[in-house]
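The residues making up each chain are set out below.
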Amino acid sequence: MSGAFEIRGGKKLSGDITPQGAKNEALQILCAVLLTEDEVRISNIPDIKDVNKLIEILQDLNVKVTKNGKGDYTFKADEVNFDYIKSKEFKKDGAKLRGSVMILGPMLARFGEAYMPTPGGDKIGRRRLDTHFQGFVELGAEFVFDEEDQYYSLKAKELNGKFILLEEASVTGTANIVMAAVLAKGKTRIYNAACEPYLQQLCKMLNRMGANITGIGSNLLTIDGVDKLHGTEHTMLPDMVEIGSWIGLAAMTKSEITIKNVNWNQLGVIPNTFRKLGIELEQRGDDIYIPSQEHYKVQKFIDGSILTVSDAPWPGFTPDLLSIILVVATQAKGSVLIHQKMFESRLFFVDKLIDMGAQIILCDPHRATVIGLNQETPLRGTSMVSPDIRAGNALLIAALSAEGKSVIQNIEQIDRGYENIDERLRAIGADIRRIEI
Ligand SMILES: CC(=O)N[C@H]1[C@@H](OP(=O)(O)OP(=O)(O)OC[C@H]2O[C@@H](n3ccc(=O)[nH]c3=O)[C@H](O)[C@@H]2O)O[C@H](CO)[C@@H](O)[C@@H]1O
Ligand SMILES: C=C(OP(=O)(O)O)C(=O)O
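The structure presented is a predicted model; accordingly, all values stated were derived computationally and were not measured.

## Describing the overall build of the chain
When you go through the chain residue by residue, the secondary structure sums to 15 helices and 23 strands. Taken over the C-alpha trace, the chain has a radius of gyration of 22 Å; the compact-globule value for 437 residues is 22 Å, and the two agree within 12%. When its C-alpha atoms are laid out on the principal axes, the chain stretches across 65 × 50 × 45 Å. Buried positions account for 57% of the 437 residues belonging to the chain. In the chain, once contacts between residues fewer than 6 apart in sequence are set aside, the share between residues at least 24 apart is 73%. Of the roughly 17,100 Å² that the chain leaves accessible, carbon and sulfur atoms contribute 46%. Where the 51 positive side-chain charges of the chain centre and where its 57 negative ones centre are 2 Å apart.

## Examining the site of ligand 1
Glu168, Ser170, Val171, Thr172 and Asp320 are the nearest of the 16 residues found near ligand 1. Side-chain polar atom of Glu168 to an oxygen atom of ligand 1: 2.8 Å apart, as the coordinates give it. The separation between an oxygen atom of ligand 1 and a polar main-chain atom of Val171 is 2.8 Å. Relative to its unbound accessible area of 740 Å², ligand 1 is 85% covered by the protein chains. Contributions of two or more residues to the shell around ligand 1 are made by helix 1 (23–32) and helix 7 (171–181). Taken together, the residues of the shell around ligand 1 sort by class into 7 nonpolar, 3 polar and 6 charged. Structurally, the shell around ligand 1 is a two-domain feature, drawing no fewer than three residues from each of domain 1 (3–20 + 238–436) and domain 2 (23–235).

## Focus: helix 6 (residues 130–138)
Every buried residue of helix 6 is accounted for by Thr131, His132, Phe133, Gly135 and Phe136. Contacts from the buried residues of helix 6 go to helix 5 (104–111), strand 7 (142–146), strand 8 (151–155), strand 9 (163–165) and helix 7.

## With respect to the side chain of Ser323
Turning to its location among the elements, Ser323 is positioned in helix 11 (residues 322–329). The contact partners of Ser323, leaving out residues within four places of it in the chain, are Phe349, Arg390, Ala391 and Ala394.

## Things to note about helix 1
Burial analysis of helix 1 places 9 of its 10 residues in the buried class, which makes it a mostly covered element. Turning to helix 1, its buried residues number three or more, namely Lys23, Glu25, Ala26, Leu27, Gln28, Ile29, Leu30, Cys31 and Ala32.

## Quick look at the domain arrangement of the chain
What the domain assignment lists for the chain is domain 1 (3–20 + 238–436) and domain 2 (23–235). Computed from C-alpha coordinates alone, the two centres of domain 1 and domain 2 are separated by 31 Å. Taken residue by residue, the interface counts 24 residues in domain 1 and 23 residues in domain 2. The largest contributions to the domain 1 side of the interface with domain 2 come from Trp314, Arg416 and Glu419, which together make up 32% of the buried area. The shortest N-O distance in the salt bridge between Lys70 and Glu419 comes to 2.5 Å. Between domain 1 and domain 2 we count 6 residue pairs in polar contact (both at pLDDT 80 or more) in total. Residue assignment for the side of domain 1 that touches domain 2 shows that the elements contributing at least two residues are helix 9 (240–252), helix 13 (389–401) and helix 14 (412–415).

## Details of unusual backbone geometry
Note the cis peptide between Trp314 and Pro315, where omega equals 10 degrees. In this structure, Pro315 sits in the loop between strand 17 (307–310) and helix 11. Positioned with a positive phi, Asn374 is a non-glycine residue whose angle comes to about 55 degrees. With respect to the helices and strands, the residue Asn374 is situated in the loop between strand 20 (367–371) and strand 21 (383–385).

## A short note on the UniProt feature "binding site: phosphoenolpyruvate" (unreviewed entry) in the chain
When the UniProt feature table is mapped onto this chain, "binding site: phosphoenolpyruvate" (unreviewed entry) is found at Lys23 and Asn24. Turning to its location among the elements, Lys23 is positioned in helix 1. Among residues more than four places away in sequence, those in contact with Lys23 are Pro46, Ile48, Asp50, Val51, Asp239, Ile389, Arg390, Arg416 and Gly417. Structurally, the position occupied by Asn24 is in helix 1. When residues no more than four places from it in sequence are discounted, the contact partners of Asn24 are Tyr198, Asp320 and Arg390. At 2.7 Å, the side chain of Asn24 and the side chain of Lys23 are in polar contact.

About the cut-offs
Residues numbered from 1 in each chain as written. Chains lettered and ligands numbered in written order. Predicted model: local features only at pLDDT ≥ 70, side-chain atom pairs only at ≥ 80, totals over all residues. Heavy atoms only, no water. Helix = DSSP H or I, 4+ residues; strand = E, 2+ residues; numbered from the N terminus. Rg over C-alpha atoms; globule rule 2.2 N^0.38 Å. Buried < 20%, exposed > 50% of the residue type's maximum accessible area, 1.4 Å probe, protein only. Contact = heavy atoms within 4.5 Å. Areas by Shrake-Rupley, 256 points an atom, 1.4 Å probe, with all protein chains shown as cover. Lys, Arg positive; Asp, Glu negative; His and termini not counted. Charge placed at Lys NZ, Arg CZ, Asp CG, Glu CD. Near = heavy atom within 4 Å. Polar contact = N/O pair within 3.5 Å; in protein donor to acceptor, adjacent residues only side chain to side chain. Nonpolar A, V, L, I, M, F, W, Y, C, P; charged D, E, K, R; others polar. Domains from an automatic or database assignment. Buried area = accessible area lost by both parts, 1.4 Å probe. Salt bridge = Lys/Arg side-chain N within 4 Å of Asp/Glu carboxyl O. UniProt positions renumbered as here; feature names shortened; annotations may be inferred.

Now the structure itself:
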């Protein structure tokens, strides 16, 4: 028996939807609580599988966790249990999610050693961790990878600040190196640093804890090491990937939807990228209002060539929303080339959309051309399996727009990133229920 969603699509939805706190920010911020023995209070934590798993790992490390209310927790890492990190349980638990890799930086900085099994997360192509370890080694750590056990070890008597040129602007890699560098001796400069809003949030929180980081929001971070960090409070941003998903959902289902409290200033190119597909959306205060639209027409580039949407490190378009753009393009008027540059296996879910009647040519593992149906022929409901978190949500949106019944299996993949998604969708009129099959 496993969980599935049964969806009867083709219904217009309407109403307000509030995005959850950001998953990928939560994973960074939760790891940072290990950097101090003081209390850190964090709110707007999404109640989702990956985040809850990381909170459990913190508890197993003997971090004291108090729940103050929904999404509001206090953490106190004053008596960390290092034995757990070396245990068989951690080898199993740590491997379950990608975000757990970010306990390495804080552990190394505060305790001089850190261990980690090869982390989990989406199977969306190779997901190497070289950037993380190269950064730690530059700061003075000794690194060993046990290939047989797939286990990483780091040790350092002391970390010393340095100029580090990252070979790629890795998000979790930058977060990890920043968290190690805040307690290193002297000045660290990280160039080609990732600078997405969640990383900015992490750096701001670390500064409130007593760290000295400048250049936040740019690709050159300068960190003057300090001896000790203290407690603070932090509130998570709304999840930009959810926000983009709800814009896509509104367009595909011709629905009038208001997405509440989106923190517009942190959305970068996301709203305009949806506008390029012809989707009308309006900033109203800090909400996004999307009117019901029967059709949306893809813009071309100025020279008349076909619109390409591709991912890039921030402030480029996040790869986590490309599957949503792809699904939305299936009902646009016009054609779009989707170019997934970062990940190698994130576009294979298009065969499910093709089964549903979408017109897509998968050019190679990185590129797909979508020829929009202009809402003239609806997609057809079908049975499918969710391959990864974002493709899963894209398929869910496809199913909500499709004629007839769809069943999506392997919804653990969706649950790991979206809080109570079925209930929140029902609240705006969707016909979706959880079943066991
Ligand atoms: C827990 C978490 O926060 N996960 C996010 C994080 O993963 P994560 O931090 O693991 O991803 P990275 O930023 O390290 O890199 C993602 C992929 O892009 C490639 N790459 C990266 C930078 C670059 O300049 N060029 C390049 O090709 C990498 O080789 C890798 O295959 O960032 C990814 C990229 O935004 C997101 O998809 C993930 O949702
Ligand atoms: C790929 C993602 O998650 P993770 O890095 O946790 O696998 C994602 O959030 O889209």
